[in-house]
Amino acid sequence: MSAITSPLKPEDKKTIAVVLQGALVDLLDLSLLTKQAHWNVIGHNFRSLHLQLDKIVSSARKHADTVAERAVALGCNPDGRASTVAGTSEVPQLESGYINDGKVVAAMTDMLGSIIRRMRERIEAAEQPDLVTQDILIEITQDLEKHHWMIEAQR
């Protein structure tokens, strides 16, 4: 069995592997939590919020795939297993059951904000070792910041 070789120096590969794994966990958990909110939101703004949440899920899933595939292209093994996401996620969690639309907006604002802060740290960490990965993270952060703005505007 042959492994995928990396164009990066070994120490740079380690840095980028950590950056990409953290981004992957954030994006996978975001997609799961947002879908949970999508299923359980109630209130006057149910319909518009329900639809908006699906856009965030779609975006998070698309970006998670990009991140995982970038990791593999660099010879790193992404780990998107449920146990890994559950054990390492730093994303604020949702309460169970039905959630009022105002609480969903507040929770999603907090979730997206926490992920954006970590993504910006990852952007800085990726600058020296791999500008291509940094560019991917910048694009993801731009998209997350747009979702954050659109959710937060409903407070």
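A brief report on the enclosed structure follows.

The rules we used
- Residues numbered from 1 in each chain as written.
- Predicted model: local features only at pLDDT ≥ 70, side-chain atom pairs only at ≥ 80, totals over all residues.
- Heavy atoms only, no water.
- Helix = DSSP H or I, 4+ residues; strand = E, 2+ residues; numbered from the N terminus.
- Contact = heavy atoms within 4.5 Å.
- Buried < 20%, exposed > 50% of the residue type's maximum accessible area, 1.4 Å probe, protein only.
- Salt bridge = Lys/Arg side-chain N within 4 Å of Asp/Glu carboxyl O.
- Expected span 1.5 Å × (residues − 1).
- Polar contact = N/O pair within 3.5 Å; in protein donor to acceptor, adjacent residues only side chain to side chain.
- Arc of directions from axis to C-beta.
- Axes fitted to C-alpha atoms, helices over the stretch in contact; angles between N-to-C directions.
- Parallel < 35°, antiparallel > 145°, perpendicular 65-115°, else oblique.
- Left-handed = near helix turned anticlockwise from the far one by under 90°.
- Nonpolar A, V, L, I, M, F, W, Y, C, P; charged D, E, K, R; others polar.

**Some points on the side chain of Thr 84**
Point 1. Within the fold, Thr 84 resides in helix α3 (residues 82-88).
Point 2. Residues in contact with Thr 84, not counting those within four places in the same chain, are Gln 21, Asp 79 and Ser 89.

**Regarding the environment of Met 108**
Point 1. Looking at the element boundaries, Met 108 is found in helix α4 (residues 101-126).
Point 2. Take Met 108: its relative accessible area is 0%, and that puts it in the buried class.
Point 3. In this structure Met 108 touches Leu 30, Thr 34, Leu 53, Ile 56 and Ile 151, once residues within four positions along its chain are discounted.

**A closer look at the environment of Gln 52**
Point 1. Within the element layout of this structure, Gln 52 appears in helix α2 (residues 46-73).
Point 2. Taking the C-alpha atoms as reference points, Gln 52 and Gly 22, 30 residues apart in sequence, are found 25 Å from one another.
Point 3. Among residues more than four places away in sequence, those in contact with Gln 52 are Met 150, Ile 151 and Gln 154.

**A short note on the pattern of salt bridges**
Point 1. Inspection of every chain in the model, using the stated rule, returns 7 salt bridges.
Point 2. Linking Arg 81 and Asp 79 is a salt bridge whose minimum nitrogen-to-oxygen distance equals 2.7 Å.
Point 3. Residue Arg 81 is classed as exposed on the basis of its relative accessible area of 53%.
Point 4. Salt-bridge contacts for Arg 155 lead to Asp 110; the nearest nitrogen and oxygen are separated by 3.8 Å. One end of the pair, Arg 155, is in the segment after α5 (131-152); the other, Asp 110, is in helix α4, and 45 residues separate them in sequence.

**Here's the deal with α4**
Point 1. Its 26 residues place the ends of α4 37 Å apart at the C-alpha level, agreeing with the 38 Å of an ideal helix rising 1.5 Å per residue.
Point 2. Where α4 begins, the side chain of Asn 100 points an oxygen toward the backbone nitrogen of Gly 102, at a separation of 2.9 Å.

**A look at the side chain of His 147**
Point 1. On the secondary structure map, His 147 appears in helix α5.
Point 2. The exposure class of His 147 is buried, given its relative accessible area of 13%.
Point 3. Contact partners of His 147, with chain neighbours within four places excluded, come to Lys 55, Ile 56, Ser 59 and Leu 112.

**Some words on α5**
Point 1. Taking 1.5 Å as the rise per residue, α5 with 22 residues should run 32 Å; its terminal C-alpha atoms sit 30 Å apart, in good agreement.
Point 2. When we look at burial in α5, the residues that qualify are Thr 133, Gln 134, Ile 136, Leu 137, Ile 140, Thr 141, Leu 144, His 147, His 148 and Ile 151. With its buried residues spanning 150° around the axis, α5 presents them on a single face. When the buried face of α5 is taken as reference, the exposed residues oriented beyond 90 degrees from it are Leu 131, Gln 142 and Trp 149.
Point 3. Summarising the contacts, the buried residues of α5 are in contact with α1 (10-40), α2 and α4.

**Observations regarding the packing of α4 against α5**
Point 1. The contact between α4 and α5 brings their axes to 9 Å, and the two run at 160°. In terms of their interaxial angle, α4 and α5 are classed as roughly antiparallel. Along this stretch, α4 crosses α5, giving a crossing that reads as left-handed.
Point 2. Tallied by class, residues from the contact of α4 with α5 come to 14 nonpolar, 7 polar and 4 charged.

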